Amino acid sequence: MTTTLLLARHGQTVWHTENRYAGISDVALTDTGVAQARALGRWAEAHPVDAVWTSPLSRAVLTAAPACRALHLTPHTEPALRECDFGVVEGRTLAEFETEDPEAAEAFRSDPVAHPFPGAEDPAEAAARGTAALRRIAAAHSAERVLVVAHNTLFRLVLCRALGISLGEYRRVFPRLRNAAVSELRVRDGAFALLSLNVPCEDEG
């Protein structure tokens, strides 16, 4: 049986415009982020799903809320869908960190998995927990369509793990996932296939 997972990154946050690492910090949505969540809700109403799963962080929960209201669904929260912990760069930009430790910043740029930020979660472990979560969700919703709202780095790591791409390439292969855009992942007999990436919920003009 085939399950369709529709992956959506949460809406824009107050740290987004400055490109600050939010990670496990519970950062609020901006007005733009709230509007993006509403757009995702309208998309879900037009392309109904059978279930909604979210990261426990409020920016993901709030992004999923309009879709849940539109479809009269109760969201499921999955702790393993939380964003990666970025250690010492939580709330900071890579440029700010670079002024403090240029060697560590350059090592991160060259291979973010082999050289994560000091105090950060092991990216390989994050990829494993996120991929396992998606497998559990797919198994619980055989032959259904499921909206999964979570985070940029976690999803990029999971996509690499699921598709057999070296984890160290996640920043190059998937430069970013747009806020509230939808990526379609098919799960069949435990195997993943990426059908679409970064599809906007509404016409961006």
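In case you missed it, the structure is sitting above this.
This write-up is about the structure you can find in this document. Keep in mind the model is a prediction, meaning the values are calculated, not measured. (Residues numbered from 1 in each chain as written. Predicted model: local features only at pLDDT ≥ 70, side-chain atom pairs only at ≥ 80, totals over all residues. Heavy atoms only, no water.)

**Things to note about the overall build of the chain**
Heads up, the condition is: Numbering of helices and strands starts at the N terminus; helices are DSSP runs of H or I of at least 4 residues and strands are runs of E of at least 2. C-alpha atoms define the radius of gyration in this analysis, and the globule rule sets the expected value at 2.2 Å times the number of residues to the power 0.38. Burial classification: accessible surface area is computed with a 1.4 Å probe over protein chains only, and a residue below 20% of its type maximum counts as buried, one above 50% as exposed, and the rest as partly exposed. It only takes one pair of heavy atoms within 4.5 Å for two residues to be counted as in contact.
Scanning the chain from terminus to terminus reveals seven helices and six strands. In sequence order, the secondary structure elements of the chain are arranged as β-α-β-α-β-α-α-α-β-α-α-β-β. Scaling as 2.2 N^0.38, a compact globule of 205 residues should have a C-alpha radius of gyration of about 17 Å, and the chain matches this with 16 Å. In terms of overall dimensions, the chain has a C-alpha envelope of 50 × 40 × 30 Å along the principal axes. Burial status across the chain gives 49% buried among its 205 residues. Across the chain, the fraction of contacts at a sequence separation of at least 24, relative to all contacts at a separation of at least 6, is 70%.

**What to know about helix α5 (residues 123-140)**
Inclusion rule: Here the expected span of a helix is defined as 1.5 Å times the quantity of residues minus one.
For α5, spanning 18 residues, the distance from its first C-alpha to its last is 26 Å, which sits close to the expected 26 Å at 1.5 Å a residue. Buried within α5 are the following residues: Pro123, Ala126, Ala127, Arg129, Gly130, Thr131, Ala133, Leu134, Ile137 and Ala138. Looking at the packing, one finds that the buried side of α5 touches β1 (2-9), β2 (51-54), β4 (145-150), α6 (152-163), β5 (182-188) and β6 (191-199).

**Description of the environment of Gly91**
Topologically, Gly91 is positioned in the loop between β3 (76-77) and α3 (94-100). The class for Gly91 is buried, based on a relative accessible area of 19%. For the pair Gly91 and Val27, spaced 64 residues apart in the sequence, the C-alpha separation amounts to 9.3 Å. In this view, Gly91 contacts Trp15, Arg20 and Tyr21; residues no more than four positions away in its chain are not counted.

**Considerations on the layout of surface pockets**
The criterion, for reference: Cavity and pocket criteria rest on a 1 Å grid covering protein atoms alone: a 1.4 Å probe that fits but cannot get out defines a cavity, protein on both sides within 12 Å along at least 5 of 7 lines defines an open pocket, and an atom within 4 Å of a point defines a lining residue. Grid points are joined across faces, edges and corners, and a volume is the space filled by probe spheres set on the points.
There is about 500 Å³ of room inside the largest pocket. Arg9, Asn19, Tyr21, Asn152 and Arg156 are the residues nearest the centre of the largest pocket, which is lined by 22 residues in total. Sorting the residues of the lining of the largest pocket by element identifies α6 and α7 (170-173) as the ones contributing at least two each. No other element matches α6, which puts three residues into the lining of the largest pocket.

**Here's the deal with the pairing of β6**
Formally: Two strands are said to pair when DSSP picks up at least two bridges between them.
Direction of pairing for β5 relative to β6: antiparallel, over a ladder of six bridges. From the neighbouring strand, Leu185 faces β6, where its bridge partner is Leu194.

**Looking at empty space enclosed by the protein**
We count it as follows: The nonpolar class holds Ala, Val, Leu, Ile, Met, Phe, Trp, Tyr, Cys and Pro. Asp, Glu, Lys and Arg form the charged class, and all remaining residues, Gly among them, are polar.
Across all of its chains, the model carries two cavities of 30 Å³ or more by this definition. Forming the walls of the largest cavity are 13 residues, and the residues nearest its centre are Phe86, Pro116, Glu121, Pro123 and Tyr170. There is about 30 Å³ of room inside the second largest cavity. Its residues assigned to classes, the lining of the second largest cavity shows four nonpolar, two polar and two charged.

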